[in-house]
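Geometric and topological summary
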Amino acid sequence: MNDKARTIGYWIATSLLGFAFAAGGLADLSGSPQVLEGMAHLGYPAYFAAILGVWKVARVGEHALAT
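How each quantity is defined
Residues numbered from 1 in each chain as written. Predicted model: local features only at pLDDT ≥ 70, side-chain atom pairs only at ≥ 80, totals over all residues. Heavy atoms only, no water. Helix = DSSP H or I, 4+ residues; strand = E, 2+ residues; numbered from the N terminus. Rg over C-alpha atoms; globule rule 2.2 N^0.38 Å. Buried < 20%, exposed > 50% of the residue type's maximum accessible area, 1.4 Å probe, protein only. Contact = heavy atoms within 4.5 Å. Areas by Shrake-Rupley, 256 points an atom, 1.4 Å probe, with all protein chains shown as cover. Lys, Arg positive; Asp, Glu negative; His and termini not counted. Charge placed at Lys NZ, Arg CZ, Asp CG, Glu CD. Phe/Tyr/Trp six-rings, centres within 6.5 Å; stacked < 30°, edge-to-face > 60°. Axes fitted to C-alpha atoms, helices over the stretch in contact; angles between N-to-C directions. Parallel < 35°, antiparallel > 145°, perpendicular 65-115°, else oblique. Left-handed = near helix turned anticlockwise from the far one by under 90°. Patch = residues over 30% accessible without salt bridge, like charges linked within 9 Å, V, L, I, M, F, W, Y side chains within 5 Å. Salt bridge = Lys/Arg side-chain N within 4 Å of Asp/Glu carboxyl O.

Take the overall build of the protein chain next. Along its length, the protein chain carries three helices and zero strands. Secondary structure elements in the protein chain, listed N-terminal to C-terminal, are α-α-α. Against the 2.2 N^0.38 benchmark of 11 Å for 67 residues, the protein chain shows a C-alpha radius of gyration of 15 Å, more extended than a compact globule. Seen along its three principal axes, the alpha-carbon backbone of the protein chain occupies a region of about 50 × 20 × 15 Å. Counting only residues that meet the buried cut, the protein chain has 12% of its 67 residues in that class. In the protein chain, the share of contacts with a sequence separation of at least 24, taken over all contacts with a separation of at least 6, comes to 65%. Taken as a whole, the protein chain presents about 5,100 Å² of accessible surface, with 72% of it coming from carbon and sulfur. Of the side chains in the protein chain, 4 bear a positive and 4 a negative charge, and the two mean positions are spaced by 11 Å.

Written as structure tokens, this is what we have:
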């Protein structure tokens, strides 16, 4: 595999993973009933979703600035 194909593959994978984390973080921050139900099912308090959402979105931003 040449370097250009490897670089393109890296950025595609990185972008998809970043999008997944950002979408999950925004869903956690939205406080939707599905998210809160999932947190309750796992035994976590409702505010834990907001904490996770902030950290997920912050991590995506940090990774985007670092690369």
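Picking up where we left off.
This brings us to the packing of aromatic side chains. Applying the stated rule across the entire model yields two aromatic pairs. When the centroid spacing of 5.1 Å and the interplanar angle of 80 degrees are considered together, the rings of Tyr10 and Trp11 count as edge-to-face. Taking relative accessible area as the criterion, Tyr10 reaches 39% and is therefore assigned partly exposed. Consider the rings of Tyr44 and Phe48, whose centres lie 4.7 Å apart with planes at 15 degrees: the pair is stacked.

Here the focus is the packing of helix H1 (residues 3–30) against helix H3 (residues 47–66). At a closest axis distance of 7 Å, the pairing of H1 and H3 adopts a crossing angle of 155 degrees. With respect to H3, the element H1 is oriented roughly antiparallel. For the pair H1 and H3, the crossing hand works out as left-handed. Touching Tyr10, Thr14, Gly18, Phe21, Ala22, Gly24, Gly25, Leu26, Asp28 and Leu29 of H1 are Ala49, Ala50, Leu52, Gly53, Val54, Lys56, Val57, Val60 and His63, all from H3.

What follows is about a nonpolar patch on the surface. A contiguous nonpolar patch, built from Leu26, Leu29, Val54 and Val57 and spanning about 330 Å² of accessible area, is present on the exposed surface. Of all elements in the fold, only H1 and H3 reach the threshold of two or more residues within the nonpolar patch. In this fold, Val54 is placed in helix H3. A relative accessible area of 46% places Val54 in the partly exposed class.

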